[in-house]
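Structure assessment
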Amino acid sequence: TRASNVLSALGLESQGGVLPGVYTGRGWGGTGNVVASKCPTTGEHLADVTTATPAEFHSVIERSREAFHSFRMLPAPRRGEILRQIREALAAKRDSLGALVSLEMGKILSEGIGEVQEFIDICDYAVGLSRMMNGQVIASERPGHTILEVPNPLGLVAVISAFNFPVAVYGWNLALSFVAGNATLWKPAPSTPLCSIAVTRIVAEVLEKNGVDGGVAALITGGHEVGEALCESEHVTMVSFTGSEHIGAKVGRKVQGRFGKVLLELGGNNASIVMPDADLSLAVPSVFFGAVGTAGQRCTSTRRLYLHREIAPRFLDALKKAYAQIPTGDPLVSSTLLGPLHNQNAVKAYHKAAMHLHEVGAEILVGGKVKHPSGFDQGNFVEATIAIPPSQDLDLWKRELFAPILNVAIFDELDQAIEWNNSVPQGLSSSIWTKDIRNIGKFIGPSGSDCGIVNVNVGNSGAEIGAAFGGNKRTGWGRESGGDSWKQYVRWSACTINSSNEAPLAQGVNFSL
Ligand code: NAD
């Protein structure tokens, strides 16, 4: 009943049958392979979902392109009005959708609901944008000439998303892509098909009501083969990919290989730096959330903690106290703070990493073991872990491990901590805890953190939609959500218009007979 309550609230009970996982704008279908959705908390089978055959794959692309041709002519403020209705429809189902995220992905309910709220927020943002996606008028050097920079719709945008944000990442992309006038085709992670079906149904209903071809928000569930086909297709103008560094490297090469546009949001390996003057009553709970929240499965999760020698013992004592009482169990229960990992592979990777910490002689302060909370024998639970590795030279500092393991090191000078912060291949999120304006200036400036997210007295994870979100280096340099991100979802036309009776050439070039 726990699962069926959540599923029935969104009309997702499959009653032993198979749910169609392909939406083309002309109804639901898919006769390809079947993917299963499994609950990470209980191990129970939630539903089977159909994917598309290769032939169906091509017809989905064709349908979306067809839908794009009419959609691009709709004025942007009108697209914004439809997005406003999508926002309302999502808000009406926010808590049920949040519970579905919690059931299928495994994050706690409050974070599941927060993720849907993020989709609602970016819709608000994009509704505003629909009347503000401004180009420019530029001074021309030629008399009677005017130069315009005009944003036009791009075409077909494929969104390939990760399991850990099964709603919000699509939301960030859909809202901007939609308002920019594109058709969007979503390929979610194969293990979270129900979230994508529930979201697409909500969006599709609004489109239908407005007489807009649903092909502008198409869905194609499936695994890597569908992702690869999307990357290869010449009909896909831009691929917006969110996922691991390893797969992102393949996606980047493949799309760039055909000169398609690509936006990459890849793994993070994020550090917090705590200075001696930090307010520990703020810093400790924030680091606790950063490292333990979402069971360490956010791209922005805190994985490295650099403590100034002066406050290290006090900080670690307080952090250990918090770790000693983490309510672990069903993420749908409101008091739970630590839910399961998403799948058994993640549990294996966690176990291997914990063993490795032992082998290299790390001091394990808390955790390190796979866990079976009572009543959840089949769930993917692990203990949140704090370790002090014996040196900075170890490879374990350089990799993103998608589990709640926090590695700690102690420093004496801020420069040293910044060097460590920047010493990894990834560059997503970072934070410093200090009251000294000189430390703040350094951290956010040219010799400071090299990450895309550089926070002061704010933890690494939990970004708002207003700023552009993304990371540098092996995180892929992509930016999504707020800021100037929308500019990537349009094609820019530089237009020089001559309204004079002469036709002079630029730079005074003379080419007359
Ligand atoms: P993943 O790389 O395994 O899968 C991501 C998506 O890529 C899935 O939809 C998958 O089916 C698809 N895919 C797999 N092989 C493919 C291929 N060859 N071509 C095209 N698509 C392919 O990632 P995951 O395990 O689902 O998610 C966790 C990762 O995502 C972590 O590394 C995390 O840091 C990252 N992430 C990054 C951000 C960000 O904004 N930077 C946000 C969320 C998650």
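As shown above, the structure is provided for reference.
Residues numbered from 1 in each chain as written. Predicted model: local features only at pLDDT ≥ 70, side-chain atom pairs only at ≥ 80, totals over all residues. Heavy atoms only, no water.

Brief notes about the sheet that holds strand E19 (residues 429-433)
The 7 strands lie next to each other as E15-E16-E17-E14-E13-E19-E20, forming an open sheet whose pairing is mixed. Where the open sheet ends on each side, the last strands, each with one partner, are strand E15 (363-366) and strand E20 (453-456). With direction set aside, neighbouring strand axes in the sheet form an average angle of 20 degrees. Sheet analysis places E19 next to E20, joined by 4 bridges and oriented parallel. Within the sheet, the bridge partner assigned to Ile432 lies in E20 and is Val456. Contacts from helix H14 (residues 437-444) reach strand E13 (270-274), E19 and E20, with the element oriented near 175 degrees to E20. (Pairing = 2+ DSSP bridges. Helix = DSSP H or I, 4+ residues; strand = E, 2+ residues; numbered from the N terminus. Axes fitted to C-alpha atoms, helices over the stretch in contact; angles between N-to-C directions. Contact = heavy atoms within 4.5 Å.)

A short note on the pattern of salt bridges
Taken as a whole, this structure holds 19 salt bridges when the rule is applied. A salt bridge links Glu66 to Arg63; the shortest N-O distance between them is 3.9 Å. With Glu66 and Arg63 both in helix H2 (residues 54-71), this residue pair falls 3 residues apart, about one helical turn. Among the residues examined, Arg63 registers a relative accessible area of 9% and is labelled buried. Taking the shortest distance from any N to any O, the salt bridge between Asp484 and Lys487 comes out at 3.7 Å. With a relative accessible area of 33%, Lys487 lands in the partly exposed category. Here the salt bridges do not stand alone but share partners, grouping Arg26, Arg63, Glu66 and Asp213 into one network. (Salt bridge = Lys/Arg side-chain N within 4 Å of Asp/Glu carboxyl O. Buried < 20%, exposed > 50% of the residue type's maximum accessible area, 1.4 Å probe, protein only.)

Some details on the side chain of Asn270
Mapped onto the secondary structure, Asn270 falls in strand E13. The contact partners of Asn270, leaving out residues within four places of it in the chain, are Cys299, Thr300, Ser301, Thr302, Arg303, Arg304, Leu428, Ser429 and Asn460.

A closer look at the sheet that holds strand E10 (residues 217-220)
Ordered by their spatial adjacency, 7 strands build an open sheet running E3-E2-E10-E9-E8-E11-E12, and the pairing between neighbours is mixed. Edge strands, defined here as strands with exactly one partner in the open sheet, are strand E3 (28-29) and strand E12 (261-265). For strand E2 (residues 22-23) and E10, the ladder comprises 2 bridges, and the chain directions are antiparallel. Within E10, the position partnered with Tyr23 by the bridge is Leu219. Sheet strands touched by helix H9 (residues 245-257): strand E11 (238-242) and E12. Its angle to E12, the strand with the most contacts, is close to 170 degrees.

Here we look at the pairing of strand E14 (residues 302-308)
For E14, a buried count of 7 out of 7 residues is recorded, marking the element as mostly surrounded by other parts of the structure. As defined by bridge partners, E13 adjoins E14 across 5 bridges and the pair is classed as parallel. The residue of E14 that forms the bridge with Asn270 is Thr302. Between the parallel pair E13 and E14, the chain is carried across by helix H10 (residues 280-292), and the sense of this crossover is right-handed. For E14 and strand E17 (residues 405-411), the ladder comprises 5 bridges, and the chain directions are parallel. Across the sheet, Leu305 pairs through a bridge with Val408, a residue of E17. (Right-handed = clockwise from strand over helix to strand, strands pointing away.)

Section: helix H7 (residues 193-209)
An ideal rise of 1.5 Å per residue puts 24 Å on 17 residues; H7 measures up with 24 Å between its terminal C-alpha atoms. Extensive coverage of H7 is indicated by the burial of 13 of its 17 residues. Positive backbone phi, approximately 70 degrees, marks Gly211, located one or two places after H7. (Expected span 1.5 Å × (residues − 1).)

Describing helix H12 (residues 344-359)
Look at H12: 23 Å from first C-alpha to last across 16 residues, which is about the 22 Å you get at 1.5 Å a residue. Here H12 has its buried residues at Ala346, Val347, Tyr350, Ala353, Ala354 and Leu357. Along the axis of H12, the buried residues cluster in a sector spanning 125 degrees; they form a single face. When the buried face of H12 is taken as reference, the exposed residues oriented beyond 90 degrees from it are Asn345, Lys348, Lys352 and Glu359. At its buried positions, H12 is contacted by E15, strand E16 (385-388) and E17. At the N-terminal boundary of H12, the capping side chain belongs to Asn343, with an oxygen 3.2 Å from the backbone nitrogen of Asn345. (Arc of directions from axis to C-beta. Polar contact = N/O pair within 3.5 Å; in protein donor to acceptor, adjacent residues only side chain to side chain.)

Quick word on the environment of Cys195
Tracing the backbone through its elements, the reader meets Cys195 in helix H7. Judged by relative accessible area, Cys195 falls into the buried class, the value being 0%. Note: C-alpha distance between Cys195 and Ser37 (158 residues apart in sequence) is 10.0 Å. Dropping the residues within four chain positions of it, Cys195 is found in contact with Leu100, Val101, Glu104, Pro166 and Val167.

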